[in-house]
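Below are the chains, spelled out letter by letter.
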Amino acid sequence: MLISVYVPLLITMVLAVVAPRAAHRLAPRPAAWSLAAAALVASLGWLGSLALLAFAGLAQVPEVAEEGRWSVAAVRASDPVYLTVAGTAALALLASVTGLTVAAVRQLRHLRWARRECRLLPGDTELAVLDMAAPEAFALPGAPGRIVVSRGMLRCLGDREREALLAHERAHLHGRHHLFQTLWRLSAAANPLLRPLSGAGGFVLERWADEEAAVRVGDRTVVAHAVGRAALAGSANRSRPALAATGGAVPQRVRALLAPPPPRRALPFVAGAALLVVCCASLADAATDSEQMIETAQAAVTLAPHAPCHEHGHLDEPVRFR
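Just so it is clear, the structure is predicted and the values come from calculations on it, not from any experiment.

K.L.:
Any chance you could explain helix H11 (residues 250-258) here in plain terms?
P.N.:
Each full turn of the α-helix corresponds to 3.6 residues, which orients residues three or four apart in the same direction. Buried within H11 are the following residues: Val250, Arg253, Val254, Ala256 and Leu257. Down the axis of H11, the smallest arc covering the buried residues is 160°, so these residues share one side. Opposite its buried face, H11 presents the exposed residues Arg255 and Leu258, each directed more than 90 degrees away. In this structure, the buried side of H11 is in contact with helix H7 (159-174), helix H9 (195-217) and helix H10 (220-233).

K.L.:
What should I look at first to understand H10 in this one?
P.N.:
The terminal C-alpha atoms of H10, which comprises 14 residues, lie 20 Å apart, in line with the 20 Å expected from a rise of 1.5 Å per residue. Buried within H10 we find Arg220, Val222, Val223, Ala224, Ala226, Val227, Ala230 and Ala231. On its buried face, H10 sits against helix H6 (151-156), H7, H9 and H11. Sitting at the amino-terminal end of H10 is Asp219, which places a side-chain oxygen 2.9 Å from the backbone nitrogen of Thr221.

K.L.:
Can you walk me through the environment of Val7 in this structure?
P.N.:
Mapped onto the fold, Val7 is located in helix H1 (residues 7-23). Excluding anything up to four places from it in sequence, Val7 contacts Val278 and Ser282.

K.L.:
I keep staring at a nonpolar patch on the surface and nothing clicks. Help me out?
P.N.:
Nonpolar side chains collect at one region of the surface, where Leu10, Met13, Val14, Val17, Val18 and Leu193 lie side by side and expose about 500 Å² of accessible area between them. Examined against the element boundaries, Leu193 turns out to sit in the loop between helix H8 (177-190) and H9.

K.L.:
Help me out: how do you make sense of the pattern of salt bridges in this one?
P.N.:
Pairing is possible between side chains of opposite charge, provided their charged atoms come close. Counted by the stated rule, this structure contains 10 salt bridges. The shortest N-O distance in the salt bridge between Glu211 and Arg207 comes to 2.8 Å. Taken together, the residues span about one helical turn, with Glu211 and Arg207 both in helix H9 at a distance of 4 residues. Between Asp210 and Arg253 there is a salt bridge whose closest N-O contact spans 2.8 Å. Of this pair, Asp210 sits in helix H9 while Arg253 sits in helix H11; the two residues are 43 residues apart in sequence, bridging distant segments of the chain. Residue classification places Asp210 among the buried residues on the basis of a relative accessible area of 0%. For Arg253, a relative accessible area of 0% translates into the label buried. Salt bridges here are not isolated pairs; linked through shared partners, they connect Glu206, Asp210 and Arg253.

K.L.:
I'm lost on the pairing of strand S3 (residues 146-150) in this one. Help?
P.N.:
Burial runs high along S3: 5 of the 5 residues are buried. Every second residue of S3 is oriented toward a common face, with Arg146, Val148 and Ser150 on one face and Ile147 and Val149 on the other, all of them buried. Pairing analysis gives 4 bridges linking strand S1 (residues 127-130) to S3, with the strands arranged parallel. From the neighbouring strand, Val129 faces S3, where its bridge partner is Val149. Taken together, the 4 bridges between strand S2 (residues 137-140) and S3 define a ladder with antiparallel strand orientation. Its bridge partner lying in S3, Leu140 is registered against Arg146. Between S2 and the antiparallel strand that follows it, S3, lie 5 residues.

K.L.:
Could you clarify how one ought to interpret the confidence of the model for the protein chain in this entry?
P.N.:
Detail in the predicted coordinates should be disregarded across regions flagged by low pLDDT. With 88% of its residues at a pLDDT of at least 70, the protein chain reaches an overall mean of 84. Mean pLDDT across the elements of the protein chain ranges from a minimum in helix H4 (residues 72-78), with 75, to a maximum in H8, with 94. Low pLDDT, under 50, characterises residues 311-322; the stretch is placed with 49 contacts to residues that sit more than four places away or in other chains.

K.L.:
How do you make sense of the environment of Thr98 when you look at a structure like this?
P.N.:
Note on placement: Thr98 falls in helix H5 (residues 83-120). Separated by 91 residues in the primary sequence, Thr98 and Ala189 have C-alpha atoms spaced 8.7 Å apart.

K.L.:
Explain the packing of H9 against H11 here, please?
P.N.:
Geometrically, a packed helix pair is captured by the angle between its two axes and the distance between the axes. One way to put it is that H9 packs onto H11 with a least axis distance of 11 Å and a crossing angle of 35°. Judged by the sense of rotation from one axis to the other, the crossing of H9 with H11 is right-handed. Across the interface between the two elements, Phe203, Glu206, Arg207, Asp210 and Glu211 of H9 pack against Gln252, Arg253, Ala256 and Leu257 of H11. Residue composition of the contact of H9 with H11, by class: 3 nonpolar, 1 polar and 5 charged.

K.L.:
What's the story with the layout of surface pockets in this structure? I'm lost.
P.N.:
Empty space left among the atoms is revealed by rolling a probe the size of a water molecule over them. Of the pockets and cavities examined, the largest pocket occupies roughly 350 Å³. Lining the largest pocket are 19 residues; nearest its centre among them are Leu15, Ala19, Ser34, Pro268 and Gly272. Residue assignment for the lining of the largest pocket shows that the elements contributing at least two residues are H1, helix H2 (28-58) and helix H12 (267-303). When residues in the lining of the largest pocket are grouped by element, the largest group, 7 residues, is from H12. Grouping the constituent residues of the lining of the largest pocket by class yields 17 nonpolar, 2 polar and no charged. Space inside the second largest pocket adds up to approximately 260 Å³. Taken together, Leu111, Arg115, Glu126, Pro141, Gly142, Pro144, Gly145, Leu173, His174, Arg176 and His178 make up the lining of the second largest pocket. Looking at the lining of the second largest pocket, its residues break down into 4 nonpolar, 4 polar and 3 charged.

Here is what the cut-offs are and how they apply
Residues numbered from 1 in each chain as written. Predicted model: local features only at pLDDT ≥ 70, side-chain atom pairs only at ≥ 80, totals over all residues. Heavy atoms only, no water. Buried < 20%, exposed > 50% of the residue type's maximum accessible area, 1.4 Å probe, protein only. Helix = DSSP H or I, 4+ residues; strand = E, 2+ residues; numbered from the N terminus. Arc of directions from axis to C-beta. Contact = heavy atoms within 4.5 Å. Expected span 1.5 Å × (residues − 1). Polar contact = N/O pair within 3.5 Å; in protein donor to acceptor, adjacent residues only side chain to side chain. Patch = residues over 30% accessible without salt bridge, like charges linked within 9 Å, V, L, I, M, F, W, Y side chains within 5 Å. Areas by Shrake-Rupley, 256 points an atom, 1.4 Å probe, with all protein chains shown as cover. Salt bridge = Lys/Arg side-chain N within 4 Å of Asp/Glu carboxyl O. Pairing = 2+ DSSP bridges. pLDDT = per-residue confidence, 0-100. Axes fitted to C-alpha atoms, helices over the stretch in contact; angles between N-to-C directions. Left-handed = near helix turned anticlockwise from the far one by under 90°. Nonpolar A, V, L, I, M, F, W, Y, C, P; charged D, E, K, R; others polar. 1 Å grid on protein atoms, 1.4 Å probe; cavity = no way out; pocket = protein on both sides within 12 Å on 5 of 7 lines; lining within 4 Å. Points joined across faces, edges and corners; volume = space filled by probe spheres on them.

Here it is, written out as structure tokens:
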């Protein structure tokens, strides 16, 4: 556990730097799934590592050792975690759990709001056209979701560009992109280091919808024009939802659509999967070492029943993990 408990923390830092840059160069659909897997594993690894470090310090508290019937001296002899490190990890864990809880409540409220808005929209088909001059176009998740477009936006586009716009928003709904967004936001709330993944994920989702629209329309240039014109028309509207054709870095999206489709590359995904496997294996190894530490400390009390569970020792003296 001496090294393995810190590996998930290190991998989280590496992913926060490397993953967003790699995602912009890869095919958007597999990139979105890869970012989602990275965010999930990295956030769980982060929370797990902090929890194990905090537990290593908690196990050295005499009252806790007395209740659990293990030897503090045996814990300190098997686990090299200073109490200051464990205390810092405990505070970070508390902040992460608090942030995750607040973000989860917000996301739940947002999804409830989206479903309520879907029911209030006019008509009963997938497409809802709003009679308003302001250019609006976005996908609203629900059960089922709706595509919302204003007449002002429709007037800004030609027939094929309207088809491209609707295909883009339909791709958001059919791909359940709001679930990807929810995962990235929760991960970033649990670990602020993962915020770059959330930002990159939003761009990748827009690129995913762009590529789906290009396949549906059969002309990448038409989709590029639709994205550019919709962005220019809606540039004055700052309150547009995230799942919209006008979202993301529009110039980069247009350049990508005017270029050939992105090639399929296996190496970045293999490298990312290897990192996630190492993260999971390290966390599992650290958890096993922690369990063995407690078993050894309990055995020490069993072998010396008259010895107190909280032998005296310096509070900042490290305890040794294997």
